[in-house]
Amino acid sequence: VAGVEQVRIAQTTSRPRRRLIAVASGKGGVGKSTIAANLAVALAASGRKVGLVDADIYGPSQPKLMAAEGVKPEAREKTLIPVETRYGVPMLSMGQLVAPDQALAWRGPMATSALGQLVDADWGDTDTLILDLPPGTGDVQLTMVQKHKPVGAIIVSTPQDLALIDARRAIALFEKTGVPIIGIVENMAGYHCPECGAVSDPFGRGGAEAAANDLGVPLLGRVPLDIAIREQSDAGTPPAAGNGDKAATFHRIAGALGD
Ligand code: ADP
């Protein structure tokens, strides 16, 4: 963890704390990072001073999603300076601090300490940080949440039952730590056919809505399974930065987050 040691910041910092909004999921592969990136881009496009913190030690993907792969953040007096992205969203990622094979062996306290460096970086006038948490509800997530106390959490889930059971676990983790659930985003909800434009529901329909009602948390929105979302994400051009219907979907969800 040599790289982390080099940029370890002083524990006493007088910089203002920013509002952290955690984006979490009960398991990997549900699109948590994709949703986090697009919400950050949509919020920035609506004039919010928002930064993006990629805390996903197991698969940090924000540098790729935000077209900043291979860019290393600099440090000034041991404080990290977030990387500027072309979408008006400054960003820092665990992937910029440590090699992936090292991160896999991390325990909760190590990950939390590294996250501290990302959160306490020189975020300038940024007032909100979107925090892309590692998937799942283990020790690492628990200590991260306990230490850094997000003001709220967004849970990303696919419509499948299994993912919803996992999503319920994620919700329980936040309830246990006293972090309010802002709402659920249902991702890969309905397949958008690029040929005919029709939307079908290979994973079923209505599961997230029912679960949200059941749990008493808002359903913030539904994002369809759409090849263009995968392609644009891989290319580092988040759909929310465009102006089509996919952008509108993310802007609506960002609008539902409130102030
Ligand atoms: P997680 O952060 O939950 O592990 P990712 O955001 O990395 O998930 O997404 C996993 C894969 O699914 C990526 O290849 C991503 O581009 C793709 N993906 C995510 N959401 C969608 C969607 N709505 N439509 C199509 N592909 C998606």
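Residues numbered from 1 in each chain as written. Predicted model: local features only at pLDDT ≥ 70, side-chain atom pairs only at ≥ 80, totals over all residues.

Just to check I follow, could you spell out the overall build of the protein for this structure?
When you go through the protein residue by residue, the secondary structure sums to 10 helices and 10 strands. The C-alpha radius of gyration of the protein comes to 17 Å, within 12% of the 18 Å expected for a compact globule of 259 residues. Counting only C-alpha atoms, the protein reaches 55 × 35 × 35 Å along its principal axes. Every one of the 259 residues in the protein was classed for burial, and the buried ones make up 49%. Long-range pairs, those at least 24 residues apart, make up 77% of the contacts in the protein with a sequence separation of at least 6. (Helix = DSSP H or I, 4+ residues; strand = E, 2+ residues; numbered from the N terminus. Rg over C-alpha atoms; globule rule 2.2 N^0.38 Å. Buried ≥ 20, exposed ≤ 12 C-beta atoms within 10 Å, placed from the backbone. Contact = placed C-beta atoms within 7 Å.)

Hey, could you run me through the nonpolar core in this one?
Note that soluble globular proteins tend to have their nonpolar side chains buried in a common cluster. Counting 77 residues, the largest nonpolar core has Val23, Leu39, Ala40, Ile130, Leu131 and Ile155 as the members making the most contacts within it. Sequence-distant contacts of Ile155, defined by excluding residues within four places in its chain, comprise Ala24, Ser25, Ala167, Ala170, Ile171, Ile181 and Ile184. (Core = buried A, V, L, I, M, F, W, Y, C linked by C-beta atoms within 7 Å.)

Could you clarify how one ought to interpret the site of the ligand in this entry?
In the vicinity of the ligand lie 18 residues, with Gly31, Lys32, Ser33, Thr34 and Arg230 positioned nearest. If you list the elements that add at least two residues to the shell around the ligand, you get α2 (32-45), β8 (181-192), β10 (219-225) and α9 (227-234). Among the residues forming the shell around the ligand, the class breakdown is six nonpolar, nine polar and three charged. (Near = placed C-beta within 6 Å. Nonpolar A, V, L, I, M, F, W, Y, C, P; charged D, E, K, R; others polar.)

Can you help me understand helix α10 (residues 245-256) in this one?
Each α-helix winds once per 3.6 residues, and so residues spaced three or four apart point in a common direction. Over its 12 residues, α10 extends 17 Å from the first C-alpha to the last, a length consistent with the 16 Å expected when each residue adds 1.5 Å. If you check which residues of α10 are buried, you get Lys246, Thr249, Phe250, His251, Ile253 and Ala254. Elements that come into contact with the buried residues of α10 comprise α2, β8, β10 and α9. (Expected span 1.5 Å × (residues − 1).)

How should I be thinking about the pairing of strand β2 (residues 50-54) in this particular structure?
Counting buried residues in β2 gives five out of five residues, a clear majority hidden from the surface. Along β2, one buried face is formed by Val50, Leu52 and Asp54 and the opposite face, lined by Gly51 and Val53, is buried too. The pairing of β2 with strand β5 (residues 91-93) spans three bridges and is parallel. Looking at β5, one finds that Leu52 is bridged to Met91. (Pairing = 2+ DSSP bridges.)

Can you help me understand the UniProt feature "binding site: ATP" (unreviewed entry) in the protein in this one?
On the UniProt side, "binding site: ATP" (unreviewed entry) is annotated at positions that read Gly26, Lys27, Gly28, Gly29, Val30, Gly31, Lys32 and Ser33 here. Its place among the elements puts Gly28 in the loop between β1 (19-24) and α2. For Gly28, a count of 15 C-beta atoms within 10 Å puts it in the partly exposed group. If near-sequence neighbours (up to four positions away) are discounted, Gly28 is found in contact with Gly59 and Pro135. Within the secondary structure, Gly31 sits in the loop between β1 and α2. On the basis of neighbour count, Gly31 is assigned to the buried category, with 22 C-beta atoms found within 10 Å. Once residues within four sequence positions are removed from consideration, Gly31 is found in contact with Val156, Asn187 and Met188. (UniProt positions renumbered as here; feature names shortened; annotations may be inferred.)

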